[in-house]
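If you want the building blocks of each chain, they are given just below.
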Amino acid sequence: MTPVLKRIHHVEFAVGNAKQAAYFYRQAFGFDQVAYRGPETGCRERASYVMKQGDIFLVLTTPLRHDDALAVWLMLHGDGVCDIAFEVDDAAVAHAHAVGAGAASVRAAAPHGDAAGTITTAAIRTYGEVVHTFIQRDGYRGFLPGFEKREIKGKPTGLMCIDHIVGNVEDRQMDRWVRWYDETLGLGRFVSYDDKDISTEFSALRSTVVASDDRNIKFPLNEPADGRKKSQIQEYIDANLTAGVQHLALKTDDILATIAALRANGVDFLPVPTGYYDHLWERVGDVAEDRGKIRDLRILVDCDETGYLLQLFTRPLQDRPTFFIEIIQRRGSESFGKGNFKALFETIEQEQALRGNL
Ligand code: FE2
C-alpha cells in the first residue's frame, strides 16, 4: 500500500534575494512572515523566510555561498519552486516506497531536532529539478528545526489554502509522470484535457490532473502539444531549461474582495481579452456574485456539470516567463477552468509575442 500524504506541508522557492521576496509576498499578497533561518540562527549557508496565510506556508530560500548546489539551481532556472514538501506519518516508509517504485532518492530518512522537538525528513526528486520532501513531525512544536519565530504581519487578502500545483513537463513526458505520481505517491488520475480542449489557432497543450483520494492534493501536469507556433508550455521549458512548477493556485472564498485587495497592492494580472464578458453569462449562467463587479475586477468565470468557478492568473512573478500564481474560488466546480483556456491562451500568446517567443 502506498503511504498516505497527509497534506502539503509547505512549498519552498529558491530565490535570488529572499529578504526582498519576503517583502514582496507580504506587501503584494498579504502573507505574514512567521519564521526565519539564517546566519543569525546558526545556518551559515542559506537564509530562509517562512510566509503564512491561511493554511498556506511558503518558504523563500537564498543560498549565501557560491558553492551551494542551490546557487547552481538558481543560475540554471531562476527564481522558482524547488520543493513541494508533504507531511507524512512515516518519512522512512514513504521514502522507501517511492524509491522502490522508481523515484530517485535525494536524501534518505534522517532525524533533525532542536529545543522544540525532533522531526524526520527524507526527499525524492520529481520532474525537472524539483524535490518532494517527506516530513514526519512527531509533535514538533515549531515550523521546522533551525527556524526561529520572526513575525511581521501582512495584511491578509483572503487566501486560504493551496488548491492545486501545476507542473510543466517536456513533450511526450506527461503520461510517464502521471504513472510516476500514481506508483510513487499514490496520486491517481483525476481528469485529463487533450489538445482539442486546450488549444487556439496557433498553440496547444495537454494536461492530466493527478490527485490524492481525498482530493486535497491536486497536481495538474501539462505537456506542450503541436501547434503552428510555440506552446506556452514549451516557452516555460525553454526559459526554465527543464520541467518545473508552472503555477500555484491559491483558494479564496471571496474572490471579489481578494482580487480587489491584490489589485490595490499592485499585483500584475494577465489582462482579460476585450469581448470576454460579451458572451460570458450565456456560457456560465447564473452566479451569486455581482456581474458588474466581476467585470470591473476582470475576473474569469467557468462552469461544468457540478457548478462554477472564478479565477484569475498573475503575470509571471519573475523576469523569466516561468512561475505565476492563480487565484481561484470554487462554487461547486471541481475542474480547472477549461472554458477559460482558449480566452486566456490568446492573451498569453500576445505576451509571448511581445517577449519574442512565439
Ligand atoms: Fe490552475
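Being a predicted model, the structure only gives us computed values, none of them experimental.

**Points about the sheet that holds strand 2 (residues 32-37)**
The strand order across the open sheet built from 9 strands is 6-7-8-5-1-4-3-2-9, with neighbouring strands paired in mixed fashion. In the strand order of this sheet, the two ends are held by strand 6 (104-114) and strand 9 (148-152), each with one partner. Each strand of the sheet is rotated relative to its neighbour by a mean of 25°, with strand direction disregarded. Where strand 2 lies against strand 3 (residues 46-53), 5 bridges are found, and the strand directions are antiparallel. Among the inter-strand pairings, Arg37 is bridged to a residue of strand 3, identified as Ser48.

**Describing helix 3 (residues 91-100)**
Along helix 3, the positions that sit buried rather than exposed are Ala91, Ala94, His95 and Ala98. Buried residues of helix 3 fall within an arc of 95° about the axis and therefore sit on the same side. In the core, the buried residues of helix 3 are packed alongside strand 6, strand 7 (117-125), strand 8 (131-136) and helix 4 (174-185). Measuring from the side-chain oxygen of the N-cap residue of helix 3 to the backbone nitrogen of Ala92 gives 3.1 Å; that N-cap residue is Asp90. Trailing helix 3 by a residue or two, Gly102 shows a phi angle of about 115°, which is positive.

**Considering the side chain of Arg330**
Relative to the assigned elements, Arg330 resides in strand 17 (residues 324-331). On the accessibility criterion, Arg330 (13% relative accessible area) is buried. Looking at Arg330, its side chain comes within polar contact range of the main-chain oxygen of Ser335, at 2.6 Å. Residues within four places of Arg330 in sequence aside, it is in contact with Asp163, His164, Lys218, Lys251, Tyr308, Leu309, Ser335 and Phe336.

**Examining the pairing of strand 14 (residues 244-251)**
Regular strands have side chains that alternate between both faces of the sheet. Most of strand 14 sits inside the fold, with 7 of its 8 residues counted as buried. Bridge count between strand 10 (residues 161-168) and strand 14: 7 bridges; the pairing is antiparallel. Residue pairing in the sheet places Ile162 in a bridge with Leu250 of strand 14. Taken together, the 5 bridges between strand 14 and strand 17 define a ladder with parallel strand orientation. Each bridged residue has a counterpart across the sheet, and for His247 the counterpart in strand 17 is Phe324.

**Let's talk about the coordination of the iron ion**
With distances of 2.0 to 2.2 Å, the protein atoms coordinating the iron ion are His164 (NE2), His247 (NE2) and Glu326 (OE). Sequence spacing among the residues donating to the iron ion works out to H-x82-H-x78-E. Here His247 lies in strand 14 and His164 lies in strand 10, a separation of 83 residues in the sequence. Given a relative accessible area of 6%, His247 falls into the buried group.

**Remarks on the sheet that holds strand 14**
Across the sheet, 8 strands lie side by side as 11-12-13-10-14-17-16-15; this open sheet has mixed pairing. Where the open sheet ends on each side, the last strands, each with one partner, are strand 11 (188-193) and strand 15 (300-304). The average angle at which neighbouring strand axes cross in this sheet is 25°, direction not considered.

**Structural notes on unusual backbone geometry**
Of note in this structure, Asp138 is not a glycine but carries a positive phi near 50°. The topology assignment puts Asp138 in the loop between strand 8 and strand 9. With a relative accessible area of 53%, Asp138 lands in the exposed category. The phi angle at Leu241 is positive, at roughly 70°, despite the residue not being glycine. By the element assignment, Leu241 lies in the loop between helix 5 (232-240) and strand 14. Take Leu241: its relative accessible area is 55%, and that puts it in the exposed class.

Definitions and cut-offs
Residues numbered from 1 in each chain as written. Predicted model: local features only at pLDDT ≥ 70, side-chain atom pairs only at ≥ 80, totals over all residues. Heavy atoms only, no water. Pairing = 2+ DSSP bridges. Helix = DSSP H or I, 4+ residues; strand = E, 2+ residues; numbered from the N terminus. Axes fitted to C-alpha atoms, helices over the stretch in contact; angles between N-to-C directions. Buried < 20%, exposed > 50% of the residue type's maximum accessible area, 1.4 Å probe, protein only. Arc of directions from axis to C-beta. Contact = heavy atoms within 4.5 Å. Polar contact = N/O pair within 3.5 Å; in protein donor to acceptor, adjacent residues only side chain to side chain. Donors = N, O, S within 2.8 Å, 3.2 Å for Na, K, Ca; no water.

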